[in-house]
Amino acid sequence: MMDWTDTHCRVFHRQLAPHARLYTEMVHAHAVVRGDRVRLLGFDSSEHPVALQLGGHEPVELAAAARIGVEFGYDEINLNVGCPSDRVQSGRFGACLMREPVLVADCVAAMRAAVSVPVTVKCRIGVDEQDDYEDLHRFAETLVGAGLEVLVVHARKAWLHGLSPKENREVPPLNYPRVVRLKQEFPQLTIVVNGGIVDADAAKSHLQNVDGVMIGRAAYHDPYVLARCEHALCGTPLPLRDDVLRMLEPYIAAQLRRGEVLHHIVRHVLGLYLGEPGARAFRRHLSEHMRVPGADFRTVEAALACMREHGQARAA
Ligand SMILES: Cc1cc2nc3c(=O)[nH]c(=O)nc-3n(C[C@H](O)[C@H](O)[C@H](O)COP(=O)(O)O)c2cc1C
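First, a word on scope: everything that follows refers to the structure included in this document.

**Some details on the overall build of the protein**
And step 1. In terms of helices and strands, the protein carries 15 helices and seven strands.
And step 2. The C-alpha atoms of the protein give a radius of gyration of 20 Å, which matches the 20 Å a tight globule of 316 residues would have.
And step 3. For the protein, the spread of C-alpha atoms along the principal axes amounts to about 60 × 40 × 40 Å.
And step 4. At a minimum sequence separation of 6, the contacts of the protein that also span at least 24 residues come to 71%.

Pasting the structure below:
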C-alpha cells in the first residue's frame, strides 16, 4: 500500500504470518527501468514469498521491469489495474486500464514471456459506468486468453472522477457475489478476493467460494489479524506479540547499523497491541520517542514497559 507499507513493514508482517504471500506497494515500471533500483526494489530475504506490484501500460517497459524484479528475487509480478488516483489515470495505468482489456492482455503476455515466475493482475469489479458483470467477465476472459492464471479482485468498482482514492476504497459498495460468480465461470483461474476483510472468520468464509483472500488496511492497522489468519488457515500457533517484537530486534539493530532510523521501521508496529490492555500507552510512548536521534530497540522496550504499567493500572 503506497505510502504505508515498505520492506520494513513486510519483514514485520512476515513474523506474524509465515505462510502469507506479501505484496509490495505499486512501483511504476518506468521507475524500475530508469530509477534507483536498489532503493525501489531492495527487500529482505525474510519477506519471501513476496510479489512485486508494477504499474504501467506499455508491454515492452512492463516486461523489462518484470525481468528486473525477478533478477532482484521477487517471486511474483503483479500488475495494478485497480488504483483510481488522478495521477495514475493521467499516466494511463491503474484502474482506468479496466477499459482496455486488450492492452492489459498484451501487457500480461509480454511480462509472461519475459519471466518464469507467475504474472498476476489486481483489478476492481468495474469502473464508472462499465460495471456490470458481463464487463468483468469479458475483462477476465481477455486476460485468461493471454495466459493469466491468478486474478486478485478488489470487490468494489472505482469511480474515476469525483471520488478521492480514499473514498474509492469506501464509497462504492462491496460486491462479493460478483467475484464468486467470476470464480464459478472461470474455475481454472485462481481468484483472490480483496476488500473489507478484517478478521480470520471472514477470511475463512471467503475461502469457501474463492481461492485466496487479500487483506489490506486491516493488516496495517491491526497487524495481529495476520497472526489470527495464519492460525485459522494454516494451524500455526498464535505467537506472543512480545515475541514478535523480539524477533525484530536483530533486524532493527542491523538496519540501524546501516544508517536507517528507528521510526522508519517501528511506525509499522504501532498497532500490534490493538485491543490489549495498555495498547494506547505503547503506541503513544513509541510514537513520541521513535524519532529521537539515536533511538534504538531500547525505545521499543521502554514502550513495552510503559504499556505494562498502564495495563496493570487499568486492571487494578
Ligand atoms: C494507503 C493505501 C495505499 C494503497 N496502495 C495500493 C497499492 O499500491 N497497490 C494496490 O494494489 N492497492 C493499494 N491499495 C488498496 C489496497 O490494496 C486494497 O485493495 C484496498 O484497501 C481494499 O482492501 P482492504 O479493505 O483489505 O483494505 C492501497 C490502500 C491504501 C489504504
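So much for the structure itself; the text now carries on.
**A look at the pairing of strand 5 (residues 150-154)**
And step 1. Summarising burial for strand 5: five of the five residues are buried, a large majority.
And step 2. With burial as the criterion, each face of strand 5 is covered, one bearing V150, V152 and H154 and the other bearing L151 and V153.
And step 3. The pairing of strand 4 (residues 119-124) with strand 5 spans four bridges and is classified as parallel. Paired with C123 across the bridge in strand 5 is V153.
And step 4. Since strand 4 and strand 5 lie parallel, the crossover through helix 7 (residues 133-145) that links them has a hand, and here it is right-handed.

**Topic: the packing of helix 4 (residues 59-72) against helix 6 (residues 101-114)**
And step 1. Where helix 4 contacts helix 6, the axes come no closer than 8 Å and their chain directions differ by 35 degrees. Seen from above, helix 4 lies across helix 6 with right-handed handedness. Contacts between helix 4 and helix 6 involve P59, L62, A63, A66 and R67 on the former and, on the latter, L103, D106, C107, A110, M111 and A114.
And step 2. Within the contact of helix 4 with helix 6, the residues separate by chemical class into nine nonpolar, no polar and two charged.

**Focus: the side chain of H154**
And step 1. One can find H154 in strand 5.
And step 2. Apart from residues lying up to four places away in sequence, H154 is in contact with C123, R124, I125, R169, N194 and G195.

**Remarks on the state of the cysteines**
And step 1. For the coordinates displayed, the defined rule picks out zero disulfides.
And step 2. Not engaged in a disulfide, the cysteine C107 finds its nearest cysteine sulfur in C96; these two sulfurs lie 11 Å apart.
And step 3. Distance from the sulfur of C123, which forms no disulfide, to the nearest cysteine sulfur (C96) is 13 Å.
And step 4. In this structure C123 comes out as buried when scored by relative accessible area, which is 1%.

**As for the environment of V115**
And step 1. Here V115 lies in the loop between helix 6 and strand 4.
And step 2. The class of V115 is buried, set by a relative accessible area of 11%.
And step 3. Sequence-wise, V115 and I77 are 38 residues apart; in three dimensions their C-alpha atoms are separated by 8.8 Å.
And step 4. With sequence-adjacent residues up to four places away left out, V115 is seen in contact with A66, R67 and V70.

**Structural notes on the site of the ligand**
And step 1. Close contacts around the ligand come from 16 residues, with Q53, K122, N194, G196 and R217 the closest.
And step 2. Contact between the ligand and K122: an oxygen atom at 2.8 Å from a side-chain N or O atom of the residue.
And step 3. Between G216 and the ligand, the recorded distance is 2.8 Å, taken from a backbone N or O atom to an oxygen atom.
And step 4. In isolation the ligand exposes 610 Å². Once the protein is present, 90% of that is buried.
And step 5. The class makeup of the residues in the shell around the ligand is five nonpolar, seven polar and four charged.

**Some details on the sheet that holds strand 2 (residues 50-55)**
And step 1. Spatially, 1-2-3-4-5-6-7 is the arrangement adopted by the seven strands of the open sheet, whose pairing is parallel. Two strands close off the open sheet at either side, each with one partner strand: strand 1 (22-28) and strand 7 (212-214). Taking the axes of each pair of neighbouring strands and ignoring which way they run, one obtains an average angle of 25 degrees across the sheet.
And step 2. One ladder, built from four bridges, connects strand 2 with strand 3 (residues 76-81); its direction is parallel.

**So, the environment of Y176**
And step 1. In this structure, Y176 sits in helix 8 (residues 176-185).
And step 2. Along the primary structure Y176 and S164 are separated by twelve residues, whereas in three dimensions their C-alpha atoms are 22 Å apart.
And step 3. Among residues more than four places away in sequence, those in contact with Y176 are A155, V193, G195, G196, I197 and H206.

What counts and what doesn't
Residues numbered from 1 in each chain as written. Predicted model: local features only at pLDDT ≥ 70, side-chain atom pairs only at ≥ 80, totals over all residues. Heavy atoms only, no water. Helix = DSSP H or I, 4+ residues; strand = E, 2+ residues; numbered from the N terminus. Rg over C-alpha atoms; globule rule 2.2 N^0.38 Å. Contact = heavy atoms within 4.5 Å. Buried < 20%, exposed > 50% of the residue type's maximum accessible area, 1.4 Å probe, protein only. Pairing = 2+ DSSP bridges. Right-handed = clockwise from strand over helix to strand, strands pointing away. Axes fitted to C-alpha atoms, helices over the stretch in contact; angles between N-to-C directions. Left-handed = near helix turned anticlockwise from the far one by under 90°. Nonpolar A, V, L, I, M, F, W, Y, C, P; charged D, E, K, R; others polar. Disulfide = S-S within 2.5 Å. Near = heavy atom within 4 Å. Polar contact = N/O pair within 3.5 Å; in protein donor to acceptor, adjacent residues only side chain to side chain. Areas by Shrake-Rupley, 256 points an atom, 1.4 Å probe, with all protein chains shown as cover.

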